[in-house]
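Structure at a glance
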Amino acid sequence: MFVGLIFVSLSAEFGGGHTKADKLGYSESGHYKEGRFINLITTKMDMGFKNMFTTIKEFSESRPGKFPSAELLINYVNSLEIVNNRAPRLIWFGHSAFLLQFDGKTILLDPMLGKTPAPHPLLETNGYSKALSIEIEKLPSIDAIIISHDHYDHLDYGSIKKLKDKTKMFFVPLGVRGHLLAWGHT
C-alpha cells in the first residue's frame, strides 16, 4: 500500500490536483456537491464486491471477437496533406483519438497517441497496431484539443507533453484543468 501511495504521488502521469479556487468554481457549476462530482442523470455506480468480481472476470476471459484476429493495417498519412488540407477530413488514430479538419481548423479529440493507455509506461499493453498513421511531431498546428474525460486512454500524459506547444486551445471537462497545469500547460 505504501509503495502504491508513493507511486501515485511521484508519477507525473497522474497529473495535478484541485485548488480551492477550482473547487469553488466546481461548486457553482451544478455538477459538484459535497466535495464530489455528480452526474446530472441518475447513474448506477454500484461497484460492490460482486460487481467488481464480474467486471474483472469479463475483462480477463478470452472470447471470440474480443481482439482482432490480425494486426490492423495502418493507412499512413502524409503530413503535407494534413497541413494543406482544405476539405473536411476525419482521421482515426485508434481507440479514442481522432483528428478533425474543417473550415481551415484542425481539432484533435482525446489524443491517446502513446503506447500505454495506463498511468505509467511500466504498465504498457499491446495496442491493435504497432504505429500511428502519422507521428505527433509531424502533425500541423492544432487549433484545439478536446478531452472528453481524464481516463488514461483518453488523456495521455506523453501525448499532451508533445502536443502542448503546437496547440492553441484545450477544451476539458470540470476537474481536468489541474492535470494540464501540472504538466506545464498554461
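Chains are numbered independently. Their residues run from 1 in the order of the written sequence. Local features in this predicted model are restricted to residues whose pLDDT is 70 or higher, and side-chain atom pairs enter the listing and the counts only when it is 80 or higher, whereas totals over whole chains, interfaces and linings include all residues. In computing side-chain properties, one takes all heavy atoms of the structure into account and sets aside hydrogens as well as water.

Moving on, we get to a nonpolar patch on the surface. Nonpolar side chains collect at one region of the surface, where Phe2, Ile6 and Leu10 lie side by side and expose about 360 Å² of accessible area between them. We call a residue buried when its accessible area falls under 20% of the maximum for its residue type, exposed when it is over 50%, and partly exposed in between, using a 1.4 Å probe and counting protein chains only. When its relative accessible area of 60% is taken as the criterion, Phe2 is described as exposed. Each patch is built from residues that are more than 30% exposed by relative accessible area and take part in no salt bridge. Like charges join if they lie within 9 Å; nonpolar side chains (Val, Leu, Ile, Met, Phe, Trp, Tyr) join within 5 Å. Surface exposure here means Shrake-Rupley accessible area, sampled with a 1.4 Å probe, where a residue is shielded only by the protein chains that are shown. In what follows, salt bridge is the name for a side-chain nitrogen of Lys or Arg lying within 4 Å of a carboxyl oxygen of Asp or Glu.

Membership of the largest hydrophobic core comes to 22 residues, with the highest contact counts inside it found for Phe93, Leu108 and Leu113. We count a stretch as a helix when DSSP gives it H or I for four or more residues in a row; a strand needs E for two or more, and each element gets its number in order from the N terminus. Among the secondary structure elements, those contributing two or more residues to this core are β3 (89-94), β4 (97-102) and α5 (157-163). Put simply, a nonpolar core is a bunch of buried Ala, Val, Leu, Ile, Met, Phe, Trp, Tyr and Cys residues held in one set by side-chain atoms that sit within 4.5 Å of each other.

Our next topic: the confidence of the model for the protein. pLDDT is a residue-level measure of predictor confidence that goes from 0 to 100. Taken over all residues, the pLDDT of the protein has a mean of 83, while the share at 70 or more is 93%. Confidence, read as mean pLDDT per element, is least for helix α1 (residues 2-10) in the protein (71) and greatest for strand β6 (residues 144-146) (97).

This brings us to the environment of Met47. Inspection of the secondary structure assignment puts Met47 in the loop between β2 (36-37) and α3 (49-60). For Met47, a relative accessible area of 45% gives the class partly exposed. When sequence neighbours within four positions are dropped, the list of residues in contact with Met47 reads Met52 and Thr55. In what follows, residue pairs with any heavy atoms lying within 4.5 Å of each other are defined as contacts.

Let us now look at the side chain of Lys166. With respect to the helices, strands and loops of the structure, Lys166 is situated in the loop between α5 and β7 (170-171). Put simply, Lys166 is tucked away with no salt bridge, and the nearest opposite charge, on Glu137, sits 7.3 Å away. At 3.4 Å, the side chain of Lys166 forms a polar contact with the backbone oxygen of Glu137. Leave out the neighbours within four places in its chain, and Lys166 touches Ile136, Glu137, Lys138, Leu139, Pro140, Ser141 and Ile142. Under the counting rule used here, the positive set is Lys and Arg, the negative set is Asp and Glu, and His together with the chain ends is not counted. Contacts described as polar in this section are N or O atom pairs within 3.5 Å, which, within protein, must combine one atom able to donate a hydrogen with one able to accept it, while residues neighboring in sequence count only if both atoms come from side chains.

Glancing now at the environment of Ala12. Position of Ala12 among the secondary structure elements: in the loop between α1 and α2 (20-27). When the C-alpha atoms of Ala12 and Gly158 are compared, they prove to be 9.8 Å apart, with 146 residues separating the residues in sequence. The contacts of Ala12, once residues within four sequence positions are left out, are Tyr157 and Trp183.

Turning to the packing of aromatic side chains, a few remarks are in order. A pair of Phe, Tyr and Trp rings is counted when the ring centres sit within 6.5 Å of each other, with Trp represented by its six-membered ring. The angle between the planes then sorts it: under 30 degrees is stacked, over 60 is edge-to-face, the rest tilted. All chains considered together, the criterion is met by 5 aromatic pairs. Considering the side-chain rings of Phe14 and Tyr152, the 5.9 Å spacing of their centres and the 85° angle between planes classify their relative orientation as edge-to-face. With Phe14 in the loop between α1 and α2 and Tyr152 in the loop between β6 and α5, this pair connects stretches of sequence that are 138 residues apart. Ring geometry for Tyr32 and Phe37: centres 4.9 Å apart, planes at 65°, overall edge-to-face. The exposure class of Phe37 is partly exposed, given its relative accessible area of 39%. Aromatic rings pair up to connect Tyr26, Tyr32 and Phe37 into one cluster.

For the coordinates displayed, the defined rule picks out 4 salt bridges. Between Asp143 and Lys168 there is a salt bridge whose closest N-O contact spans 3.0 Å. One end of the pair, Asp143, is in the loop between β5 (105-109) and β6; the other, Lys168, is in the loop between α5 and β7, and 25 residues separate them in sequence. Take Asp143: its relative accessible area is 13%, and that puts it in the buried class. Classification of Lys168 by relative accessible area gives exposed; the value is 58%.

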